[in-house]
Amino acid sequence: RRVHGGVATERRRNRKMAFAAMTKGRVQMPLLGLGTYQSRAEECYNAVLWAIQLGYRHIDTAGAYRNEKEVGRAIRDSGVPRSELFVTTKLGPKNQGFDAAYNAGLTSLQELGLDYLDLYLIHWPGIAGVPPQSPDNREARIQSWKALQRLKQEGIVRAIGVSNFLQPHLEDLLAHPETTEVPVVNQVEYHPMCQQGSLKEFCSSKGIQLEAYASLGQAKGELIEHSTVATIASRHTQTPAQVLLRWAVQQDVVVIPKSICRERIEENSKIFDFQLSQSEMESLSALNQEKHFCWDPNTVA
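In this text the structure is predicted, and so the values were computed from the model without any measurement.

Asks: Quick question: what am I supposed to make of the side chain of His176 here?
Replies: Relative to the helices and strands, His176 is located in the loop between helix H6 (167–175) and strand S6 (185–189). The buried category is assigned to His176, whose relative accessible area is 15%. What His176 contacts, discounting residues up to four positions off in sequence, is Arg138 and Ile142.

Printed below as a string of C-alpha cells:
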C-alpha cells in the first residue's frame, strides 16, 4: 500500500526504518543502513551526515575502509543521541588472531571516537597474505572470535558477528569448545542473482541474522538493468534500486546500500511504503545464478 502525505509520512517512514528488524537477543538492528565502502574523507562525512538527517539510524563501516574517523565525526555532528544509532565496523583480514583482533577493536573504537560499538564483525574468514587453503586461516578465525567475545564481555561492543562466512566456516566456529557466543549477524553478498539459499537457511536455523551487501549487484550492470527488475520498478513507480532493496527487506534481510549522493541516499530510504507481490518476489528470485559480483569466500579453507 502506498503512503502519502508530507512531513508526517516522512516521520512515520523514518520510525519504521529505524526499528524494522532485530537481531536475536536484546540488540535492535535497523533493517536499512548506510554502507560506506570506498567512501573517502569529506564525501564519507557528508554521506553519513545526510543519511542520519534523512532518518537512517544504522551506519556500516570497517577498519579496512579507512573512513572510521569521518564516520565518527559525522555521527557526533548529527546531534542525534548515540543511543538512537546502530554503528557497525569490522575486523580487517590483516588483523586476524587474538591479540591483533582485540587491539584492532580498540583502535576502531578510538578512530570512531565512540564509547562503544553496536556490532563488530570479522570481515573475512581468511588472513590477508595467507594462501586461502592454508589451515592457518581456521586457527586465526577461532582466535579472532575469542577476541571478539572478550570485547563483548568487557562492554566494548554490544554484539558480535561475521561477514563472508559460509556454512562450513560457521559450523567449525560453532563447534569449537571455546565458542561461547553465536554470531548474531552474517554479512554476505546477497541479491537476486546471488541468493545463497542454503546459507540463508542455515543462518536462520542458528538464529543468525543475514545482512546483505552488494544488494544492487553492481552500480551499472546486468542485475540493476535487468528487464525483470525494470518492469517491476515501472509497475510500482519506483527505481530498480528500490525494488532490489525491497526484495531483500521483504525477506527480513538487512541491507546497507552505499552512496555518497544525497538524492540517492534519500531514494534508498523510501522502500517501506510499497510492497512487492508474491509473484514479483518469485520473478526476482528466479534470476538466481549464484553469481558473485564481489569476493567469493568459497576459496577460503
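Asks: Please clarify how the sheet that holds strand S2 (residues 58–60) should be interpreted in this entry.
Replies: Sheet strands pair via backbone hydrogen bonds, and the direction of the pair is either parallel or antiparallel. An order of S1-S2-S3-S4-S5-S6-S7-S8 is seen for the eight strands of this open sheet, with the pairing classed as parallel. Two strands lie at the open edges of the sheet, namely strand S1 (34–35) and strand S8 (254–255), each paired on one side alone. Here strand S5 (residues 157–163) runs beside S6; their pairing, made up of two bridges, is parallel. Along S6, the bridge assignment pairs Ser163 with Gln187. Sitting on the sheet, helix H4 (residues 98–112) touches strand S3 (86–91) and strand S4 (117–122), and the angle it makes with S4 is about 140 degrees.

Asks: Is there a simple way to explain the packing of aromatic side chains in this structure?
Replies: For any pair of aromatic rings, the description consists of the separation of the ring centres together with the inter-plane angle of the planes. Counting across every chain of the model gives five aromatic pairs. Ring geometry for Tyr37 versus Trp295: centroids 5.8 Å apart, planes at 80 degrees, classification edge-to-face. Here Tyr37 is found in the loop between S1 and helix H2 (41–53), whereas its partner Trp295 is found in the segment after helix H11 (278–285), with 258 residues between them in sequence. For Tyr37, a relative accessible area of 35% corresponds to the partly exposed category. You can call Trp295 partly exposed: its relative accessible area is 41%. Through a chain of ring-to-ring contacts, three or more aromatic side chains come together here, namely Tyr37, Tyr65, Tyr213 and Trp295. For the cation-ring pair, Arg73 lies above Tyr45, with the distance from its terminal atom to the ring centre recorded as 4.0 Å. Across from the ring centre of Tyr116, 4.1 Å away, lies the NZ or CZ of Arg82, which sits over that ring.

Asks: Hey, could you run me through helix H7 (residues 197–205) in this one?
Replies: Each full turn of the α-helix corresponds to 3.6 residues, which orients residues three or four apart in the same direction. For H7, every residue scored as buried is listed here: Leu199, Phe202 and Cys203. Buried residues of H7 fall within an arc of 100 degrees about the axis and therefore sit on the same side. Set apart from the buried face of H7 by more than 90 degrees, the exposed residues are Ser198, Glu201, Ser204 and Ser205. Buried residues along H7 sit against H6, S6 and strand S7 (209–213). Where H7 ends, the next residue or the one after it, Gly207, has phi of about 75 degrees, a positive value.

Asks: Please clarify how the state of the cysteines should be interpreted in this entry.
Replies: In a disulfide, the sulfur atoms of two cysteines are covalently bonded to one another. Counted according to the given criterion, the structure contains zero disulfides. With no disulfide partner, Cys44 has as its closest neighbouring cysteine sulfur the one in Cys261, 15 Å distant. Lacking any disulfide linkage, Cys194 is separated from the closest cysteine sulfur, that of Cys294, by 8.7 Å. Exposure remark for Cys194: the relative accessible area of 0% places this residue in the buried category.

Asks: Would you take a moment to explain the pairing of S4 for this structure?
Replies: The side chains of a regular strand alternate, residue by residue, between the two faces of the sheet. Of all six residues in S4, six are buried, a share of seventy percent or more. Pairing geometry for S3 and S4, over four bridges, is parallel. Pairing of Thr89 across the sheet is with Tyr120, part of S4. Running through H4, the crossover from S3 to the neighbouring parallel element S4 is right-handed. Here S4 runs beside S5; their pairing, made up of five bridges, is parallel. Looking across to S5, one finds that Leu119 is bridged to Ala159. Crossover S4 to S5 through helix H5 (residues 136–153) is right-handed.

Calculation notes
Residues numbered from 1 in each chain as written. Predicted model: local features only at pLDDT ≥ 70, side-chain atom pairs only at ≥ 80, totals over all residues. Heavy atoms only, no water. Helix = DSSP H or I, 4+ residues; strand = E, 2+ residues; numbered from the N terminus. Buried < 20%, exposed > 50% of the residue type's maximum accessible area, 1.4 Å probe, protein only. Contact = heavy atoms within 4.5 Å. Pairing = 2+ DSSP bridges. Axes fitted to C-alpha atoms, helices over the stretch in contact; angles between N-to-C directions. Phe/Tyr/Trp six-rings, centres within 6.5 Å; stacked < 30°, edge-to-face > 60°. Lys NZ or Arg CZ within 6 Å of the ring centre and 35° of its normal. Arc of directions from axis to C-beta. Disulfide = S-S within 2.5 Å. Right-handed = clockwise from strand over helix to strand, strands pointing away.

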